[in-house]
Amino acid sequence: MIFEYCVLNIEYFKMSGLYLHIPFCKQACSYCDFYFVTRHHQKQDFVDALIKEIESYRNSRITKEPIKSVYFGGGTPSLLNANQFEQILEAIAKTFKLAVEELTVEMNPDDVKPGYLGDLKSLGINRASMGVQSFDESLLAFMHRAHNRAEALKSLEYLSTAGFDNFTVDLIYGNPGQSLEVLESDIETLLSFNPPHISAYSLTVEPHTRLGKQVELGRIIAPEDDQVATHFDTIVSRLADAGIHQYEVSNYAKPGHEAVHNSAYWSHQNYLGLGPAAHSLWWEADRAQAQRWRNESDLKSYINDPINQKVEIETLNLTSLAEERLMLGLRTKQGVSFSELQSRYQYLLSEKQRDYLNKRQVDGFVMHNEDSIALTPDGLKIADSIILDLITSA
Ligand code: SF4
C-alpha cells in the first residue's frame, strides 16, 4: 500500500487537496464540456508528464502543507491501469507531505472489473466515484454514455465485491424526455446498493456540446423549470427517507460520509490541480490574498512541457475571496459563519445585505442568527439567485 492514512493533528485550514485531471474518455457524452480527448495512444506519455509536473513541486511552498485529500477526476481516470496509478501515487508520496483521509478515483461503469478494483484498493485508493448517471437504457443512449444498464448494475455489485464500502454515485436528472417515473426507478435501483454518498446534477445545456447544438437547432427542447424542480424535490425527499441527507445543493450523504475533497473546495482550502485543464487555488503565506490559475487545456502541449502550463493566473483580494466563500458556503447546508467571514476575510455584511437577509428569512428561504447564515431547503432550490442578490446588494 502506497498511502497510509495517518491523520495528523494539524489545523484544518493548513491542509490542502490535490486534484489530478485524467483527460481521456472513450467517447464524448452529449452534454459534457469538460476537457478530454478520445484518442488514447498517449496515455503513458501523459502519465510520465504528470509525474514530472508532480515532481516539479518538490521542496516548494506548496509541499509544506499536508495533503488531506487526493482526487483523480476527468475525463475518465478508470481508463488508466493499476500500474499507472501506482506510478502516479508513488510520485505523490515522494513529493508531498501526506495526511490523506480520502483518496478518490472517478470511474465509469464499463471500465471496472473486480480484479481492477481490488488492485486500486491495494494501492490505498479508498473511495470510488461511479459515473452511473442513470440506469435507463434510452437515457444512457440519449446522453451518449459508453455504458449500458447492465454495466451500471454490475459496476455497483463489483464495488461491493471489492470491498469499496466508501463510494459515491453520480445521477443526472432533468433530462429532456426523462419522466418522473424513470427518475424514481433510477433512485430506487441506486438505493438497493446502499450508497453512502450520491451526487445528483441537473442536466445543464452547455453551448459547445452536441446537446447544446441540438437545443439551439430546436431538435431537442430543454425541460421546463417546473419539471426540473419536481425532479429535484423527489431526489431530496426520497434520499432523506433513506437516511441520505442533502448537505450541498447537488450532494447527499449518510452522516459521516460527506466528501472531504469537495468540502475543501467549498470551505476555501488550498488545492492544487495537476494535469491539463486542472484548476488551482492557493492562499499566500500571510493569507491576505490568494492565487488562482489553471493549466492549459491541451494534452499535446502538456506532454511536451508539463511544468509550464499555467494560464489565467489571477490574484484574488480578500473581498473577492469573501464573496466567493459566500457563494460556495451558501450552497451547503452548513452555511457560513459571520465570525469566519470577519476573521479570514475581514468581511462584514452591510446594512443593506442584512436587510435583504431579514426579508428572505421572512419568506422562508434563509435562516440566520447572530453568528451564521444558511439557506433553508426551499432556499437551496434557488441558491444561485439568492447568493447573487446578496452579493450585489452590498
Ligand atoms: S465520461 Fe465524463 S468526462 Fe468523459 S465525456 Fe462523458 S461526462 Fe465528459
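If you're wondering where the values come from, they're calculated on a predicted model, not measured in any experiment.

Engineer: Give a description of the domain arrangement of the protein that names residues and reports values.
Structural biologist: Looking at the assigned domains, one finds that the protein contains domain 1 (12-264) and domain 2 (318-394). Averaged C-alpha coordinates put domain 1 and domain 2 at centres separated by 29 Å. Taken together, the contacts link 7 residues of domain 1 with 6 residues of domain 2. Summing the contributions of domain 1 and of domain 2, the shared interface buries around 640 Å²; its carbon and sulfur component is 53%. Per-residue buried area on domain 1 facing domain 2 is highest for Gln246, Glu248 and Val249; these three make up 58% of the total on that side. Where domain 1 meets domain 2, there are 2 salt bridges. Taking the shortest distance from any N to any O, the salt bridge between Glu248 and Arg331 comes out at 3.5 Å. Contributions of two or more residues to the side of domain 1 that touches domain 2 are made by α8 (225-241) and β7 (245-248). Here the element with the most residues in the side of domain 1 that touches domain 2 is β7; it accounts for 3 residues.

Engineer: Which residues make up the layout of surface pockets, and what values do they have?
Structural biologist: The computed volume of the second largest pocket comes to approximately 310 Å³. Lining the second largest pocket are 19 residues, with Ser263, Trp266, Ser267, Thr332 and Gln334 sitting closest to its centre. Among the secondary structure elements, those contributing two or more residues to the lining of the second largest pocket are α9 (260-266), α11 (318-329) and β13 (336-337). Looking at which element gives the most residues to the lining of the second largest pocket, the answer is α9, with 3 residues. When residues are assigned to domains, the lining of the second largest pocket turns out to be shared by domain 1 (12-264) and domain 2 (318-394), each giving three or more.

Engineer: Give a detailed account of the packing of aromatic side chains, specifying residues and quantitative values.
Structural biologist: Taken as a whole and judged by the stated rule, the model has 8 aromatic pairs. For the pair Phe46 and Tyr302, a centre-to-centre distance of 5.9 Å together with 40° between the ring planes defines the contact as tilted. In this pair, Phe46 is assigned in helix α1 (residues 43-55) and Tyr302 in helix α10 (residues 299-304), connecting sequence segments 256 residues apart. Using a relative accessible area of 0% as the deciding quantity, one classes Tyr302 as buried. These aromatic residues form a ring-pair network of at least three members: Phe24, Phe46 and Tyr302. The cationic tip of Arg354 hangs over the ring face of Phe338; the distance from NZ or CZ to the ring centre is 5.0 Å.

Engineer: Lay out the pairing of strand β4 (residues 127-133) with the relevant residues and their values.
Structural biologist: The buried fraction of β4 amounts to 7 of the 7 residues, a majority that puts the element mostly inside the structure. Neither face of β4 is open: one carries Arg127, Ser129, Gly131 and Gln133, the other Ala128, Met130 and Val132, and all of them are buried. Relative to strand β5 (residues 167-173), β4 runs parallel, the two sharing 4 bridges. Considered in β5, the bridge of Met130 is made with Val169.

Engineer: Describe the site of the ligand, listing the residues and the values that go with them.
Structural biologist: Neighbouring the ligand are the residues Cys25, Gln27, Cys29, Tyr31, Cys32, Phe36, Gly75, Thr76, Asn108 and Arg145. Grouping the constituent residues of the shell around the ligand by class yields 5 nonpolar, 4 polar and 1 charged.

Engineer: Pulling in residues and values, what's your account of the sheet that holds β13?
Structural biologist: The strand order β13-β15-β14 describes an open sheet built from 3 strands, whose pairing is antiparallel. Unpaired on one side and paired on the other, β13 and β14 (366-368) mark the two borders of the sheet. In the sheet, β13 pairs with strand β15 (residues 372-375) via 2 bridges, with the strands oriented antiparallel. Within β15, the position partnered with Val336 by the bridge is Ile373.

Cut-offs used in this document
- Residues numbered from 1 in each chain as written.
- Predicted model: local features only at pLDDT ≥ 70, side-chain atom pairs only at ≥ 80, totals over all residues.
- Heavy atoms only, no water.
- Domains from an automatic or database assignment.
- Contact = heavy atoms within 4.5 Å.
- Buried area = accessible area lost by both parts, 1.4 Å probe.
- Salt bridge = Lys/Arg side-chain N within 4 Å of Asp/Glu carboxyl O.
- Helix = DSSP H or I, 4+ residues; strand = E, 2+ residues; numbered from the N terminus.
- 1 Å grid on protein atoms, 1.4 Å probe; cavity = no way out; pocket = protein on both sides within 12 Å on 5 of 7 lines; lining within 4 Å.
- Points joined across faces, edges and corners; volume = space filled by probe spheres on them.
- Phe/Tyr/Trp six-rings, centres within 6.5 Å; stacked < 30°, edge-to-face > 60°.
- Buried < 20%, exposed > 50% of the residue type's maximum accessible area, 1.4 Å probe, protein only.
- Lys NZ or Arg CZ within 6 Å of the ring centre and 35° of its normal.
- Pairing = 2+ DSSP bridges.
- Near = heavy atom within 4 Å.
- Nonpolar A, V, L, I, M, F, W, Y, C, P; charged D, E, K, R; others polar.

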